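Architecture at a glance
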Amino acid sequence: MKKITLSILAHVDSGKTTLSEAILYKTGVIRKWGRVDHRDTFFDTHFLERERGITIFSKQGGFTIDDTAYTLLDTPGHSDFSNETERTLQVTDYAILVISGSEKVQSHTETLWDLLKRYNIPVFIFVNKTDLPNVSRDNVMYTLKKRLSDGCVDFGNPDRQAFFEELSLCDESLMEEYLEKEALSDDTIKRCIADGKVFPCCFGSALKMDGVDRLLELIGSYAVMPQYNDSFGAKIYKISEDEHGNRVTHMKITGGQLKVKTPLKYTVDNTLYEEKINQIRIYSGNKYSVADEADVGTICAVTGLSAAFCGQGIGCEENSFQPILEPVLSYGIILPPEISSHTALTKLRTLEAEDPQLHVMWDESSEQIQIKLMGKIQLEILSEIIKERFGFEVEFTSGSIAYRETVTDISEGVGHYEPLKHYSEVHLLIEPAERGSGLVFETDCREEILDKNWQRLILTHLKEKTHIGVLTGSPITDIKITLKSGKAHLKHTEGGDFRQSTYRAVRQGLRRNKSILLEPFYKFRLEIPTENTGRALTDFQQMCADFNPPEVFGEMTVIHGQAPVSEMCDYHSEVISYTKGRGRLSCTVGGYCECHNSDEVIENIGYNCDSDTANTADSVFCSHGAGFVVKWDEVENYMHLPSCIKEEKAFEETEITPVQIRRYKDILASDKELMEIFERTYGKIKRDERKAFEPVRKKENVKYKASPVPKGPEYLLVDGYNIIFAWDELKKLAQDNLDTARNRLIDKLCNYQGFRQCELILVFDAYKVKGGKRNVEKVHNINVVYTKEAETADMYIEKVTHEIGRQHRVRVATSDNLEQVIILGNGAFRVSAAEFEREVNSVENAIREIIDIV
C-alpha cells in the first residue's frame, strides 16, 4: 500500500481544525464530528487547546482512500507556535494550505508559504468559508496569484479548455504538451504539482462539509508517493512525553523498515549512542496502537531513544538544516524561593528537547535562567505547562529583543592554538550571505593541505557552537564561513586543538570585518475603522514601519506592512483602545533586517568584546618551549600559513598618459555635444579653443606609467542610484530633486567615458514602476538603462556580467556588498563607490590641468 504524509496549515482562525475534522469524518475515521467551539475536536485534546480554542501541539491521524494510506498531521495556526509547524514540515510529502475566503492571504499565510517553498513541499490550497457574504471566487484567485504564486490554479473551473489553457501558462512542459495535444495528461499535471509549478485550488466551507469531497478527490488523483531508499533511514521531527513520563520520539521512516528491539545507532555531541527500540506506536489523535514494525513512509513514535533530538537523521538520513523561524523575544525566569536554579534548569531542559527553539540557558551575569520565545501567547502557555508538568509556578521578566549580527564585507579569520605540545591553525573566509539564510558552512581546502578528517572536525566545531558577534554579543547570522586552509602537527595535534583555533578564527574574522546589528521585524495586517486611519499611519511612521497604502473596504480600512518588533510588540492593546475594540492587528515574525536604532541599542547593551575572554579573537603561539598570546590584530604577522584572500585590484592606479590626453582633446574639439556637456560640468572656455587643448608644459620631466592593454573593449557598469546615494555631492542634490542628481551623474560619466574610452553602461532601478518595460537610452556616448518591472539594477548587472565577463574586461561600480560577491563570481572586477569617485575625480583633475578654465 502506498503511504503519503499530509500536513494541514493555516493562519489562525481560517478553519484548519474544522477542515481536519471534516476530512476524518468523510473518510470514516471518526463517527462524531467535533467542533472547536464545542471543545470536542479529534486533534485538540490538551486542556490548554480546548480552553483557548487554538492548536498548540502538532497531532497525527490517518485515513485510507483506495490503495493509499494517508497520515494527516495537524499543525498550530497561531504564529507563536510556528516552530512546531516548521518541525512537522521536515516529514511532510504534501501540504494542505487553508485560506479564509473572507480574509484571503494574511500575514502568517505568507510566512507559511515561505516555509513550504524552503522545504520544497507541494501544496493543495483549500479556500474555506466561501459561504460567508462578499466572498468572490475571482477576487480570491487574483489575490492568491498576486501574493503567493502565478501557479495557483482553480481546479474547479467547469470550462475544461480554459482550465488547460490556464494550466499551460504555469510551466514550459505544460505549454508544449498543450500546444501539441490541446489537452494535458494527469501524469504531467502530477509532475508539475510535485515540482512546485502548479498549486491546485478548490473552494468550499468545511463547517458545512462543502468542497471537502473535491479536496480529497484532488489529493487522491494528483498526490504521489515519494521515492525512498532501500537502506534504513528515519527523520525525527518531534519529542514528547507520555502520561507515564516516558520519552517518546516521533519519526518518519524514510528508508527500509524499522522493527521492535532493533538497535539504532546515532550521534549527539560527538557521543555515539546505540539503543534498542522498545515500542513502536502509531498515533491517532491522543490514542495509539502498537506495531511490531514500521514500513517506509510510516509516521510513527518509538520509545527507547534517550538522547535523539528534533531534526536528527538516523541511518541514511541527514540531519535537517537550521530552522528558518527563530524566537525574537528573550525572557528571564523568576523562580519561587523553594525551587533551586539547578532543579528548574534540569526540568526545563526536558521542555527544550521538545521545543529546541526555547534555547534554555543559564545567564551568569544576571544569575538567571533565560529562554527565547516567539510571543506573549507562547509565554502564557509555557507558564501553564510548567505548572502542570513540574508542579511549581514561575514568573517572567519583561521581554527583551533577540538581536542578531551579520557582516557586510569579506574577511579572513585566522586562529592559531599552540601551547606546549599542542598545535593547530585554521584559516576561514567570512563573507555576507543572503538575508534569512542563517549560517552556511563549507570547505574549500585541498586534502594535501589538510587531511579530510581534520576538515570534518573543523566543520563540526563550526556547527556546534552559537557564535556571537562583536557589537552586542548577539548570535551571528546570514554569514557564509568557508574553510580555506589549515595545518596540523603529526605528533602534537589533538581534536580539542582545532576547536580552539576554529573558535578563534571565527572571532578574529568578525573583528576584521564590518559588522551590523540586525533586529527582528513583524509582518502585520491592521484592520481598523476608516476614521482611525490617520492615527494608525502616524503610529507606523513613529515605529519606522514600512507599509502599503491603506485599502478601504466599506467602513473598514486594511493596512499591510512590516515594523520592528521592538516598536510593535505592545501595539495590540493600543489598537483595541483607540478603535474601542473594533480594530484587529495580526502579526507574524518576518525575519531580520538592519536595526533602525543600532547605535542606541549597542550603547544600551554595553558589550565589550575585548573583555569577553570566553570568546577571544586572540591566538596562542609557541616560542622557546612556552606559549604566548598574540592579539587578534597582530596574528597576521605570526601565522604559519599564507593568507587565503587574494587581493583583487578594482582598477589600476595609473597616471594619465599622453595618448589619453591627445585622444580626448581630439574627440572634444570635434564633438559639439560633448563640448556642451564639458562646459556644463567644468565651465566656459574663455581662451582660444585650439590652444586650450594644448597640454600644460611643466619644467620638470613627467614620467608616465602606461596602463596594460585590455583584450577587446573594456566595459564599465555603474549602479546609478547606489552611486548617487554614496557620493555626498549627488546625495545632497537628490534630497532636493532626484532628476537633478541623475542628470548630474550622467554628465560626469559622459566626460569620464570621453576620456577613458570604455563602454559605459549606467543602470537605474525602475523595478517598482507598475508595468514598466526595460528602456535603454543612448545619452551621447554612454548607455543609460532603466530596468523593467520586478527587475532591480543588481539583477540586470548580474545578468550582463555573466554574459560578457568571460570575454571582456568588466568592472562594476557599486557599494552593494552582496552584489560585489556575485559579480566577482562572474569574472568581473569590483569598484566601490568611494574608489570610483576617486577615479572620476582623478580624471576631472587631469582635464583641468590640460585646459585653462576661467
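Scroll up for the structure.
Residues numbered from 1 in each chain as written. Predicted model: local features only at pLDDT ≥ 70, side-chain atom pairs only at ≥ 80, totals over all residues. Heavy atoms only, no water.

1. Overview of the overall build of the protein chain
Tallying secondary structure elements over the protein chain gives 26 helices and 40 strands in all. The long-range fraction of contacts in the protein chain, counting pairs at least 24 apart against all pairs at least 6 apart in sequence, stands at 70%. Accessible surface for the protein chain amounts to roughly 40900 Å². Of this, 47% is attributable to carbon and sulfur atoms. (Helix = DSSP H or I, 4+ residues; strand = E, 2+ residues; numbered from the N terminus. Contact = heavy atoms within 4.5 Å. Areas by Shrake-Rupley, 256 points an atom, 1.4 Å probe, with all protein chains shown as cover.)

2. What to know about the packing of aromatic side chains
By the definition in use, this model includes 24 aromatic pairs. Centre to centre, the rings of Phe63 and Tyr70 are 5.1 Å apart; their planes meet at 20°, and the pair counts as stacked. Tyr70 shares its class with Phe63; the two are buried. Taking the centre distance of 5.1 Å and the plane angle of 40° together, the rings of Trp454 and Phe498 count as tilted. Of this pair, Trp454 sits in helix α12 (residues 452–464) while Phe498 sits in helix α13 (residues 495–512), and the two are 44 residues apart along the sequence. (Phe/Tyr/Trp six-rings, centres within 6.5 Å; stacked < 30°, edge-to-face > 60°. Buried < 20%, exposed > 50% of the residue type's maximum accessible area, 1.4 Å probe, protein only.)

3. A word on the sheet that holds strand β37 (residues 775–779)
Here six strands make up an open sheet; going across it, the order is β37-β38-β36-β35-β39-β40 and the pairing mixed. Of all strands in the sheet, those bounded by a partner on one side alone are β37 and β40 (829–831). Neighbour to neighbour, the strand axes of the sheet diverge by 20° on average, direction disregarded. Here five bridges tie strand β35 (residues 714–719) to strand β39 (residues 809–813), and the two strands are oriented parallel to one another. (Pairing = 2+ DSSP bridges. Axes fitted to C-alpha atoms, helices over the stretch in contact; angles between N-to-C directions.)

4. Considerations on a negative patch on the surface
Together, Glu567, Asp599, Glu600 and Glu603 make up a negatively charged patch on the protein surface. Looking at which element gives the most residues to the negative patch, the answer is helix α17 (residues 598–605), with three residues. Asp599 sits in the exposed class, given a relative accessible area of 64%. (Patch = residues over 30% accessible without salt bridge, like charges linked within 9 Å, V, L, I, M, F, W, Y side chains within 5 Å. Salt bridge = Lys/Arg side-chain N within 4 Å of Asp/Glu carboxyl O. Lys, Arg positive; Asp, Glu negative; His and termini not counted. Charge placed at Lys NZ, Arg CZ, Asp CG, Glu CD.)

5. Side note on unusual backbone geometry
Residues other than glycine predominantly adopt negative phi, and peptide bonds predominantly adopt the trans conformation. Here the phi dihedral of Glu182 falls at roughly 55°; this positive angle occurs in a residue that is not glycine. Locating Glu182 in the fold gives a position in the loop between α7 (172–181) and α8 (186–194). What makes Glu182 exposed here is its relative accessible area of 55%. Although it is not a glycine, Cys544 adopts a positive phi angle of roughly 60°. Relative to the helices and strands, Cys544 resides in the loop between α14 (533–542) and β29 (546–547). Under the relative-accessibility criterion, Cys544 is labelled partly exposed at 46%.

6. Overview of the packing of helix α6 (residues 160–168) against α7
Direction vectors running N to C along α6 and α7 enclose 140°, while the axes themselves pass 8 Å from each other. One finds that α6 runs oblique with respect to α7. Note on element contacts: α7 touches α6 through Leu174, Met175 and Tyr178, opposite Gln161, Phe164, Glu165, Leu167 and Ser168. Residue classes in the contact of α6 with α7 are distributed as five nonpolar, two polar and one charged. (Parallel < 35°, antiparallel > 145°, perpendicular 65-115°, else oblique. Nonpolar A, V, L, I, M, F, W, Y, C, P; charged D, E, K, R; others polar.)

7. Remarks on the side chain of Arg281
By secondary structure assignment, the location of Arg281 is in strand β13 (residues 279–284). A polar contact is formed between the side chain of Arg281 and the side chain of Asp242, at a distance of 3.1 Å. Only 2.6 Å separates the side chain of Arg281 from the side chain of Gln279, close enough to count as a polar contact. Excluding anything up to four places from it in sequence, Arg281 contacts Asp242, Asn246, Val248, Tyr288, Ser289, Cys300, Ala301 and Thr303. (Polar contact = N/O pair within 3.5 Å; in protein donor to acceptor, adjacent residues only side chain to side chain.)

8. Some details on the pairing of strand β24 (residues 411–417)
The buried fraction of β24 is high, at seven of seven residues. Of the pairings in the sheet, the one linking β24 to strand β25 (residues 424–432) comprises seven bridges and is antiparallel in character. For Ser411, the partnering residue across the bridge sits in β25 and is Ile430. Counting the residues that bridge the hairpin from β24 to β25 gives six residues, and of these Lys421 lies at a positive phi of roughly 70°.

9. A closer look at the pattern of salt bridges
One pass over the full model with this rule turns up 47 salt bridges. Ionic pairing is found between Arg137 and Asp154, a salt bridge with its closest N-O pair at 2.8 Å. Of the two residues, Arg137 sits in helix α5 (residues 137–147) while Asp154 sits in strand β6 (residues 152–154), which places them 17 residues apart along the sequence. Residue Lys484 pairs with Asp444 through a salt bridge whose shortest N-O separation is 2.8 Å. You can see Lys484 sitting in strand β27 (residues 479–488) and its partner Asp444 sitting in the loop between β26 (439–443) and α12, a full 40 residues away along the chain. The class for Asp444 is partly exposed, based on a relative accessible area of 47%. Among the ionic contacts, a cluster of salt bridges with common partners joins Glu714, Arg756, Arg809, Arg811 and Glu839.

10. Looking at the sheet that holds strand β17 (residues 313–315)
If you walk across this open sheet you meet the six strands as β14-β13-β16-β9-β8-β17, and the pairing is antiparallel. A strand with exactly one partner marks an edge of an open sheet, and here the two such strands are β14 (287–291) and β17. For this sheet, the mean angle separating the axes of adjacent strands, direction not counted, is 40°. Here strand β8 (residues 233–241) pairs with β17 via three bridges, running antiparallel. The residue bridging Lys235 from the neighbouring strand is Gly313, located in β17. Packed on one face of the sheet, helix α10 (residues 341–354) meets β8 and β9 (247–255) and runs near 140° to β8.

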